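Observations on the three-dimensional arrangement
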Amino acid sequence: MTQTESVAPLFRAGDRVRVREAYPIGHVRTPYYIRGKSGVIERFCGAYPNPEELAYARPGLPKQPLYRVRFRQADVWEDYRGKDEDTVDIEIYQHWLQP
Amino acid sequence: MPALFSSFFAGALPMKTFRGVHDIGGLPADELVPSEHDYALWEKRVDALMVLLSRKNLMTVDELRRNIESLGADAYDKMGYYERWIYAITQTLIQRGVITIDELGSRIADVQARVDDAN
């Protein structure tokens, strides 16, 4: 496998996605509080070696597409009392996202 | 993951409770008091060491993070930022075989003896 090989991007800006609701042991780069929540792809950020593999001194290849995903705060927190239009952006690797 | 693994350990791990000690987004916390402070010389040296090890491909920032996250909750809370860093750098270099525990122990003893002599 070469340094340049990447997993094909599955999503585009504007696509609705759901973060996988998984709780594995190990170095996980997806925050706990966002797992299982739904948001919208804000942008494609490029493809990078998977940090969850790099953390164990493995090459992390092929590169994983990374996206900035926008979530409504009201969708993230059950008791959110702020404005309805408030959002939070989180950068999430593709293997943590589902259509 | 092999099917045997997942079925054998079914029930061993509570499904929704594995949360890293560092992964605190959304949890209740004490009031945050922002303050400016200078870095001690040793802290700057730890930062420089990380830069050098990264450039020489002897470790990644991801290994740094993983080893910091593997601290127990009590140690994680009590240790300062760069104390966590030097702990994680040391762990990584041992894991990669860059240094041995024995080399590290001998060197710490040398430094301790030097400090004791000076006092």
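Everything in this summary refers to the structure shown in the same document. (Residues numbered from 1 in each chain as written. Chains lettered and ligands numbered in written order. Predicted model: local features only at pLDDT ≥ 70, side-chain atom pairs only at ≥ 80, totals over all residues.)

Observations concerning the overall build of chain B
Spelled out, the test is: Helix numbers and strand numbers start at the N terminus; a helix is a DSSP run of H or I with at least 4 residues, a strand a run of E with at least 2. Think of it this way: build a C-beta for each residue from its backbone, and any pair within 7 Å is a contact.
Scanning chain B for helices and strands turns up 6 helices and 0 strands. A fraction of 63% describes how many contacts in chain B between residues 6 or more apart in sequence connect residues 24 or more apart.

Here's the deal with helix 3 (residues 61-69) of chain B
Defined as follows: With C-beta atoms placed from the backbone, a residue counts as buried when 20 or more other C-beta atoms lie within 10 Å of its own, as exposed when 12 or fewer do, and as partly exposed for counts between those limits.
All buried positions along helix 3 of chain B are accounted for by Asp-62, Glu-63, Leu-64, Arg-66, Asn-67 and Ile-68 of chain B. Buried residues in helix 3 of chain B make contact with helix 1 (51-54) of chain A together with helix 2 (41-55) and helix 5 (81-95) of chain B.

Topic: the environment of Gln-94 of chain A
Residue and element names in this part refer to chain A. Tracing the sequence through the fold places Gln-94 in the loop between strand 4 (87-93) and strand 5 (97-98). Considering only alpha carbons, one finds Gln-94 and Phe-44, 50 residues apart in sequence, at a separation of 10.0 Å. For Gln-94, the residues in contact, after removing those within four places along its chain, are Val-7, Pro-9, Leu-10, Gln-64, Pro-65 and Tyr-67.

Focus on the sheet that holds strand 2 (residues 38-48) of chain A
Residue and element names in this part refer to chain A. Stated formally: Note on pairing: DSSP must find at least two bridges between two strands before they are called paired.
Strands sit in the order 4-3-2-1-5 across an open sheet of 5 strands; the sheet is antiparallel. Edge positions in the sheet fall to strand 4 and strand 5, since each has one partner strand and no second. Pairing geometry for strand 1 (residues 16-19) and strand 5, over 2 bridges, is antiparallel. Each bridged residue has a counterpart across the sheet, and for Val-19 the counterpart in strand 5 is Leu-97.

Focus: the interface of chain B and chain A
Here is the rule: Amino acid classes used here: Ala, Val, Leu, Ile, Met, Phe, Trp, Tyr, Cys and Pro are nonpolar; Asp, Glu, Lys and Arg are charged; the rest, including Gly, are polar.
Taken together, the contact pairs 14 residues of chain B with 11 residues of chain A. Along the lines of polarity and charge, the residues of the side of chain B that touches chain A split into 2 nonpolar, 3 polar and 9 charged.

Things to note about the nonpolar core
Our working rule: As used throughout, a nonpolar core is a set of buried Ala, Val, Leu, Ile, Met, Phe, Trp, Tyr and Cys residues joined through C-beta atoms within 7 Å of each other.
With 12 residues, the main nonpolar core is built from Val-17, Val-19, Ile-34, Ile-41, Leu-66, Tyr-67, Val-69, Phe-71, Ile-92, Tyr-93, Trp-96 and Leu-97 of chain A. The biggest single contributor to this core is strand 3 (residues 64-72) of chain A, with 4 residues. If we ignore the near neighbours within four places in the chain, the residues touching Leu-66 of chain A are Cys-45, Gly-46, Ala-47, Tyr-48, Glu-91 and Tyr-93 of chain A. In this structure, Met-59, Leu-64, Ile-68 and Ile-89 of chain B belong to the second largest nonpolar core, which totals 5 residues.

Digging into helix 6 (residues 101-118) of chain B
Definition in use: Expected span of a helix: the number of residues minus one, times 1.5 Å.
Across its 18 residues, helix 6 of chain B extends 26 Å between first and last C-alpha, which sits within 8% of the 26 Å expected from 1.5 Å per residue. Where burial is concerned, little of helix 6 of chain B is hidden: 0 out of the 18 residues are buried.

Details of unusual backbone geometry
Following Leu-61 of chain A, the chain continues to Pro-62 of chain A via a peptide bond in cis, the omega torsion being 0 degrees. Considering the arrangement of structural elements, one finds Pro-62 of chain A in the loop between helix 1 and strand 3. A positive phi is found at Ala-57 of chain A, a non-glycine position, where the angle reads about 60 degrees. Mapping Ala-57 of chain A onto the fold places it in the loop between helix 1 and strand 3. The backbone phi angle of Asn-57 of chain B is positive, close to 55 degrees, even though this residue is not glycine. Structurally, Asn-57 of chain B is set in the loop between helix 2 and helix 3. You can call Asn-57 of chain B exposed: it has 7 C-beta atoms within 10 Å.

Purely geometric numbers; function is a separate question.
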